[in-house]
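The lines below spell out each chain.
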Amino acid sequence: MIPSTPFHPGNRSSCLRKLLVAFGRRFMFLAVGYCVLVIWSPGTASAAESFTNRLNAMQSRMQSDPTNTLILFQLGDLCHDEGAKNNAKAVILAQGYFTRLLAVDPNHAMARVMYGSVLTMRARDTFWPITRLNYVKAGNREMDAAVQLAPKDAQVRFARAVNNFHMPDIMGREEIAQEDLAWLWQQAQVADTSLKVGQKQTIALYYGQTLKKKNKLEEALQIWRAGLALAPKSQDAARLKEQLNKHKGRPN
């Protein structure tokens, strides 16, 4: 579980102390599933049973075909999303499945970006601050490597963008997140894009926020309005409406 208090860096350098405090205060884990953003919420017994049943079924399939990359990915993805609900054991399982998959296919970009995301989850579940930072840095390296493998894969770029968007500024990932979001917003306009409507609205929300941070509010408002128009009654639309309501009276 993410600690509710900042890290206690003790007698460390000023720069490192600021970094550790930033993580303690702001680094909420943002798990990115294969096609959907997963935010932690209290689970139910039925949900836990569903995860266990699905995990057991997939593990049974894998016993007869232990190097099947599709099954390994499905297992990793399942455990990754369960790990987003603060299940540390599922995170370790996800790390193992993606490690095995990448040993078979090192160029599997989606598996590599998910593996990077898993490593940032390990940071959430680790006690020692330095170990946490090392996990986050390793996760970023893996996500960067995944984008290098598949720079035009919208799902890979989406995974990195959303993960990096929520990192403290001191990690130096702000520009990378903005570049991903700008590219993804362009892809969201393409008719045959692999991005789902919910993903498009998430991109609009975060891209607009990065523009607002750079004092480009009018551009941000245009993007939020366009994102809202995609599905005005969706759950994702509520977050866009919230941003727009903060700036009522601005011209369309």
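Structural notes, computed from the coordinates. Just so you know, these numbers come straight off a predicted model, no measurement behind them. (Residues numbered from 1 in each chain as written. Predicted model: local features only at pLDDT ≥ 70, side-chain atom pairs only at ≥ 80, totals over all residues. Heavy atoms only, no water.)

### Describing the environment of N68
Then comes step 1: Here N68 is to be found in the loop between α2 (45–63) and α3 (69–83).
Then comes step 2: Separated by 2.9 Å, the side chains of N68 and D65 make a polar contact.
Then comes step 3: Among the polar contacts made by the side chain of N68, one reaches the main-chain amide nitrogen of L70 at a distance of 2.9 Å. (Helix = DSSP H or I, 4+ residues; strand = E, 2+ residues; numbered from the N terminus. Polar contact = N/O pair within 3.5 Å; in protein donor to acceptor, adjacent residues only side chain to side chain.)

### Overview of the side chain of E142
Then comes step 1: Examined against the element boundaries, E142 turns out to sit in helix α6 (residues 129–149).
Then comes step 2: The class for E142 is buried, based on a relative accessible area of 19%.
Then comes step 3: Ignoring sequence-local partners within four residues, the contact set of E142 consists of R112, Y115, G116 and L119. (Buried < 20%, exposed > 50% of the residue type's maximum accessible area, 1.4 Å probe, protein only. Contact = heavy atoms within 4.5 Å.)

### Structural notes on the nonpolar core
Then comes step 1: Counting 38 residues, the largest nonpolar core has F98 and V113 as its most contacted members.
Then comes step 2: Of all the secondary-structure elements, those providing two or more residues to this core are α2, α3, α4 (88–104), α5 (109–124), α6 and α7 (154–165).
Then comes step 3: If you tally residues by element for this core, the top one is α5, at ten residues.
Then comes step 4: Apart from residues no more than four positions distant in its own chain, V113 is found in contact with M143, A146, V156, A159 and R160.
Then comes step 5: The next biggest cluster of nonpolar side chains, apart from the first, holds 26 residues, and it includes F165, L205, I223 and A237. (Core = buried A, V, L, I, M, F, W, Y, C linked by side-chain atoms within 4.5 Å.)

### Quick notes on unusual backbone geometry
Then comes step 1: Of note in the backbone geometry, N86 takes a positive phi value of approximately 70° without being a glycine.
Then comes step 2: Position of N86 relative to the elements: it lies in the loop between α3 and α4.
Then comes step 3: Accessibility expressed as a relative area gives 25% for N86, which makes it partly exposed.
Then comes step 4: Of note, the phi angle at N215 is positive, near 65°, even though the residue is not glycine.
Then comes step 5: Mapped onto the fold, N215 is located in the loop between α9 (197–213) and α10 (217–230).
Then comes step 6: By relative accessible area, which is 74% here, N215 ends up exposed.

### Some details on the packing of aromatic side chains
Then comes step 1: Throughout the structure, instances matching the rule amount to three aromatic pairs.
Then comes step 2: Seen in terms of ring centroids, F73 and F98 are 5.8 Å apart; in terms of plane orientation they differ by 70°. Their pairing is edge-to-face. You can see F73 sitting in helix α3 and its partner F98 sitting in helix α4, a full 25 residues away along the chain.
Then comes step 3: With a centroid separation of 5.0 Å and an interplanar angle of 80°, the aromatic rings of F127 and W128 are classed as edge-to-face.
Then comes step 4: Relative accessible area serves as the criterion here: at 58%, W128 is assigned to the exposed category.
Then comes step 5: Note that R157 overlies the ring of W183, its terminal NZ or CZ placed 4.5 Å from the centroid. (Phe/Tyr/Trp six-rings, centres within 6.5 Å; stacked < 30°, edge-to-face > 60°. Lys NZ or Arg CZ within 6 Å of the ring centre and 35° of its normal.)

### A short note on the environment of A109
Then comes step 1: Positionally, A109 belongs in helix α5.
Then comes step 2: Along the backbone, A109 and A145 are 36 residues apart, and their C-alpha atoms lie at a distance of 8.0 Å.

### Here's the deal with the pattern of salt bridges
Then comes step 1: Counting across every chain of the model gives eleven salt bridges.
Then comes step 2: R160 is the salt-bridge partner of D144, the closest N and O atoms lying 2.9 Å from each other. Of the two residues, D144 sits in helix α6 while R160 sits in helix α7, which places them 16 residues apart along the sequence.
Then comes step 3: Looking at R160, the relative accessible area reads 10%, which means it is buried.
Then comes step 4: Residue E174 pairs with K213 through a salt bridge whose shortest N-O separation is 3.5 Å. One end of the pair, E174, is in helix α8 (residues 174–188); the other, K213, is in helix α9, with 39 residues separating them in the sequence.
Then comes step 5: Through salt bridges with shared partners, a single ionic network connects D144, R157, R160, R173 and D180. (Salt bridge = Lys/Arg side-chain N within 4 Å of Asp/Glu carboxyl O.)

### A look at the side chain of T126
Then comes step 1: Along the chain, the position of T126 falls in the loop between α5 and α6.
Then comes step 2: A residue is classified by how much of its surface remains accessible, and T126, at 13% relative accessible area, is buried.
Then comes step 3: With residues up to four places along the chain from it excluded, the contact list for T126 reads T131, R132 and Y135.

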